[in-house]
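The primary structure of each chain is shown beneath.
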Amino acid sequence: MKLFNTLTRSLETFEPLDPGGRQVGMYCCGPTVYDYAHIGNWRTFVFADLLRRYLEFRGYTVRHVMNITDVEDKIIRRVQETGLPLREYTVRYETAFFEDFETLRCRRPHHTPRATEHIPEIIELIRRLMDRGIAYQAPDGSVYFSIEKYVAAGGQYGQLARVRLDQLRVGERVRSDEYAKETPVDFALWKARTAEDGDVYWPSPWGEGRPGWHIECSAMSMKWLGPSFDLHLGGEDLIFPHHEDEIAQSEGAGLQQPGRRFVKYWVHGAFLLVEGRKMSKSLGNFFTLRDLLARGFAGREVRYVLLSGHYRETLNFTLEGLQAARGALGRLDECLARLRELAESHTGTASSLSGAEAPVPDLLGPFETAMDEDLNISAAWAAVFEWVRELNRRMAAGTLTPAGAAAALQQWARVDDVLAVGEHSEETAPPEVLQWVEERQAARKARDFARADALRERIRSAGWLVEDTPKGPRLKRLPRTA
Ligand code: AMP
Ligand code: ZN
């Protein structure tokens with residue numbers, strides 16, 4: 001399996017650090033819980049979920065860690081504005097985040113460490129950098145990472161983001177967590193307490209203060225995955241300064257075995273765009289998942305859209321695209337429903353087949369080939385829909401046996417373990433609709449067609465279409481209007 005490593009800017013064959021070749025450590029920078037995540041953020045988390053699921057499909061045992069950034073500049077600002085205690089403020093967005101996580105069918109990471117619960121580990125890491133002479137306390141009381149000292153000690157600053165070190169402004173410092181690549185300067189590890197921080201501070205050997213954002217991820221990733229691990233993920237905006245600084249801090253602490261890096265593969269997802277611009281809070285051009293659910297879309301439809309393009313290519317989000325997703329998933333659902341019906345029937349087409357049965361079209365082969373190539377999701381979807389077309393053709397021609405249908409469903413179950421867009425219980429009709437279907441059956445039996453029609457209408461207005469098949473009534477979700 002190949003992945004594009006941002007560190008080397010090349011496609012590399014994935015080989016885990018584990019000598020047994022099975023265990024994989026994967027860290028994805030998690031949400032900053034200062035507001036609801038927008039679906040641009042979700043693109044990155046769904047991409048991380050796709051990679052994790054595909055690794056598991058390929059037989060790896062993944063240890064997936066995603067941090068919760070629950071203290072940094074933006075959060076402090078919001079806490080000040082609202083006057084709420086830090087935890088009280090962040091908990092609501094953290095809870096919402098995990099609800100959305102479920103709705104988008106992302107597998108829960110094995111560990112979701114919060115920064116505020118790793119202050120001792122963060123302080124320990126800074127202390128180590130101080131001991132090694134790579135960090136220093138400035139006159140403002142804050143502790144900074146010295147790029148000059150790190151480079152002098154053999155560190156490779158700027159490799160990930162391709163920063164030009166001749167532009168390094170020696171001795172210049174930045175306290176803010178975010179700054180431009182054109183100004184690689186010493187960055188804050190520990191920020192001395194200021195009036196704006198309010199109640200948000202902790203004691204440390206360098207006085208009261210709070211951690212910088214970058215050191216949080218170094219401390220938490222190494223705590224939960226060790227000083228060297230396989231995969232580090234995030235959106236492309238995190239390459240600089242966040243990930244560049246994470247490498248500097250983690251490798252500057254010198255905890256890795258000789259010859260080992262902090263992270264073997266850096267994998268970054270491209271942005272979700274709206275009319276050509278990055279979806280972001282600051283541009284105000286964002287949708288939260290909740291906005292889309294309120295418009296009647298389902299989590300799996302949003303997931304499908306977020307997975308509709310290659311992770312390294314920007315993806316333009318539109319509501320029309322979401323409608324198209326509904327159409328595509330509808331075609332898939334239809335095919336799967338017919339396959340289930342056929343697989344459950346023991347008569348019918350089977351007996352009408354003569355001679356040797358044609359093999360069921362293969363889905364797993366083309367799917368794996370596509371995904372092995374740096375998660376080529378477009379080719380994977382093409383394989384899925386080609387398979388659907390072929391199965392539909394075979395079912396229409398009556399040349400698929402119940403056993404063939406069952407085999408096809410098994411293939412789909414394997415593939416959907418990765419894609420996770422298949423029809424689930426969220427698409428099951430509510431109990432009252434099922435009750436009306438029963439009543440309608442009874443009315444039909446009693447030849448009370450007026451009542452049967454009235455019930456059909458009631459079912460329709462609840463968003464479901466009842467179809468009468470030889471095996472009894474079947475419910476279909478009507479497209480919800482957006
Ligand atoms: P944040 O909560 O701001 O720390 O962001 C969480 C994740 O979302 C990070 O990995 C960002 O890189 C990613 N992200 C932010 N905006 C977008 C976007 N428009 N498209 C894709 N990923 C994004
Ligand atoms: Zn991070």
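Residues numbered from 1 in each chain as written. Chains lettered and ligands numbered in written order. Predicted model: local features only at pLDDT ≥ 70, side-chain atom pairs only at ≥ 80, totals over all residues. Heavy atoms only, no water.

## Quick look at the packing of helix α10 (residues 319–344) against helix α14 (residues 402–419)
When two helices pack together, their arrangement is given by the angle between the helix axes and the distance between those axes. Where we set the bar: Helix axes use the C-alpha atoms of the stretch in contact, all axes being lines fitted to C-alpha atoms, and the angles between their N-to-C directions lie in the range 0 to 180 degrees. Going along the chain from the N terminus, every DSSP run of H or I of four or more residues is numbered as a helix, and every run of E of two or more is numbered as a strand. Oblique is the label for every angle not falling under 35 degrees (roughly parallel), over 145 degrees (roughly antiparallel), or within 65 to 115 degrees (roughly perpendicular). For any helix crossing, the convention is left-handed if the near helix is rotated counterclockwise from the far helix by under a right angle, and right-handed if that rotation is clockwise. Whether two residues touch is decided by their heavy atoms; if any such pair falls within 4.5 Å, the residues are in contact. Each residue gets one of three labels, nonpolar for Ala, Val, Leu, Ile, Met, Phe, Trp, Tyr, Cys and Pro, charged for Asp, Glu, Lys and Arg, and polar for the others, Gly among them.
α14 packs onto α10 with a crossing angle of 135 degrees between their chain directions and a minimal axis gap of 8 Å. It follows that α10 is oblique to α14 by the angle criterion. Handedness of the crossing formed by α10 with α14: left-handed. For the pair formed by α10 and α14, the contact residues are L332, L336, L339, R340, L342 and A343 on the first element and P402, A405, A406, A408, L409 and W412 on the second. Of the residues that constitute the contact of α10 with α14, the class distribution is 11 nonpolar, no polar and 1 charged.

## Considerations on the sheet that holds strand β14 (residues 315–316)
Operational definition: Only strands joined by at least two bridges in the DSSP assignment are considered to pair.
Spatially, the 3 strands line up as an open sheet ordered β13-β12-β14, and their pairing is mixed. Both outer strands of the open sheet, β13 (277–278) and β14, are each paired with one neighbouring strand and no more. Bridge count for strand β12 (residues 272–274) against β13 is 2 bridges, and the pairing is antiparallel. When the bridges of β13 are listed, L273 appears paired with K278.

## Considerations on the packing of aromatic side chains
Under the convention used in this document: Two aromatic rings, drawn from Phe, Tyr or Trp (for Trp, its six-membered ring), form a pair once their centres lie within 6.5 Å of each other, and the interplanar angle then sorts them: stacked below 30 degrees, edge-to-face above 60, tilted otherwise. Either the NZ atom of lysine or the CZ atom of arginine qualifies as a charge over a ring when it sits within 6 Å of the ring centre and within 35 degrees of the ring normal.
Using the criterion set out here, one finds 27 aromatic pairs in the structure. Between Y27 and F229, the aromatic rings sit 6.3 Å apart at their centres with planes inclined by 50 degrees, giving tilted as the arrangement. Of this pair, Y27 sits in strand β3 (residues 23–28) while F229 sits in strand β10 (residues 229–235), and the two are 202 residues apart along the sequence. Between F229 and F262, the aromatic rings sit 5.2 Å apart at their centres with planes inclined by 85 degrees, giving edge-to-face as the arrangement. Pair noted here: F229 is in strand β10 and F262 is in the loop between α7 (239–252) and β11 (263–269), with a separation of 33 residues, a long-range link. Between R108 and the ring centre of F98, over which it is positioned, the NZ or CZ distance is 4.0 Å.

## Concerning the domain arrangement of the chain
Our working rule: Boundary definitions for the domains trace back to an automatic or database domain assignment. When two components associate, each loses some accessible surface as probed by a 1.4 Å sphere; the sum of these losses over both components is called the buried area. Definition used for salt bridges: Asp or Glu carboxyl oxygen within 4 Å of a side-chain nitrogen of Lys or Arg. As used in this structure description, the phrase polar contact means that two N or O atoms lie within 3.5 Å; if the pair is within protein, one of them must be able to donate a hydrogen and the other to accept it, and residues adjacent in sequence are counted only when both atoms belong to side chains.
Partitioning the chain into domains gives domain 1 (2–269), domain 2 (289–419) and domain 3 (431–477). Placing a centre on the C-alpha atoms of domain 1 and another on those of domain 2 gives a separation of 37 Å. Taken together, the 29 residues of domain 1 in the interface contact 32 residues of domain 2. Summing both partners gives a buried area of about 2800 Å² for domain 1 against domain 2, and 62% of it is carried by carbon and sulfur. Two residues, D417 and R107, come together in a salt bridge whose shortest N-O distance is 3.4 Å. At the surface where domain 1 touches domain 2, the tally comes to 16 residue pairs in polar contact (both at pLDDT 80 or more). Counting residues per element, the side of domain 1 that touches domain 2 draws most heavily on helix α1 (residues 39–57), at 11 residues.

## What to know about the pairing of β10
To keep it simple, the criterion reads: Only protein chains enter the accessibility calculation, which uses a 1.4 Å probe; a residue is then buried when its area is under 20% of its type maximum, exposed when over 50%, and partly exposed in between. Consider the strands pointing away from the viewer: the crossover is right-handed when the path from the first strand over the helix to the second runs clockwise.
β10 sits mainly inside the fold: 7 of its 7 residues count as buried. Two elements, β3 and β10, share 3 bridges in a ladder whose sense is parallel. The partner of Y27 across the bridge, within β10, is H232. For β10 and β11, the ladder comprises 6 bridges, and the chain directions are parallel. Counted as the bridge partner of F229 is V263 from β11. For the crossover that starts at β10, traverses α7 and ends in the parallel β11, the hand is right-handed.

## Some thoughts on the packing of α1 against helix α12 (residues 364–372)
Their axes nearest at 12 Å, the elements α1 and α12 cross at an angle of 125 degrees. Looking at the two axes, α1 sits oblique to α12. Seen along the crossing, α1 lies across α12 with a hand that is left-handed. Taken together, the residues of α12 that come into contact with α1 (itself represented by L50, Y54 and F57) are L364, F367, E368, M371 and D372.

## Details of the site of ligand 1
Condition: Here a residue is considered near a molecule or strand provided that any single heavy atom belonging to it is located within 4 Å of it.
Contacts to ligand 1 come from 17 residues, most closely from T32, T44, D237, L272 and M279. Take D237: an N or O atom from its side chain is 2.3 Å from an oxygen atom of ligand 1. A distance of 2.8 Å is found between a nitrogen atom of ligand 1 and a backbone nitrogen or oxygen belonging to M279. At the level of elements, α1 and β10 are the ones that each hand at least two residues to the shell around ligand 1.

## Some points on the coordination of the zinc ion (ligand 2)
Heads up, the condition is: Metal donors were taken as nitrogen, oxygen and sulfur atoms no farther than 2.8 Å from the ion, or 3.2 Å where the ion is Na, K or Ca. Water is excluded, so coordination may look unfinished.
C29 (SG), C217 (SG) and H242 (NE2) make up the full set of protein donors to the zinc ion (ligand 2), lying at 2.0 to 2.2 Å. In the primary sequence, the donor residues of the zinc ion (ligand 2) line up as C-x187-C-x24-H. You can see C217 sitting in helix α6 (residues 213–225) and its partner H242 sitting in helix α7, a full 25 residues away along the chain. Take C217 and H242: they sit in the same class, and that class is buried.

## So, the pattern of salt bridges
Per the counting criterion, the structure on display carries 39 salt bridges. Measuring nitrogen to oxygen at the nearest pair gives 3.0 Å for the salt bridge that ties R290 to E99. A residue pair is termed long-range when its members are at least 10 positions apart, and R290 in helix α8 (residues 289–294) and E99 in helix α3 (residues 86–103) qualify at 191 residues. Residue classification places R290 among the partly exposed residues on the basis of a relative accessible area of 28%. Between R312 and D374 there is a salt bridge, and its shortest N-O distance comes to 2.8 Å. Linking R312 in the loop between α9 (299–306) and β14 with D374 in the loop between α12 and α13 (377–397), this pair joins segments that are 62 residues apart in sequence.

## Some remarks on unusual backbone geometry
With an omega of -5 degrees, the peptide bond between F240 and P241 qualifies as cis. Position of P241 among the secondary structure elements: in helix α7. In this structure, R105 is a non-glycine residue whose phi angle is positive, near 60 degrees. Its place among the elements puts R105 in the loop between α3 and α4 (119–131). Here the phi dihedral of R447 falls at roughly 60 degrees; this positive angle occurs in a residue that is not glycine. For R447, the position within the fold is in the loop between α15 (431–445) and α16 (449–461). R447 sits in the exposed class, given a relative accessible area of 63%.

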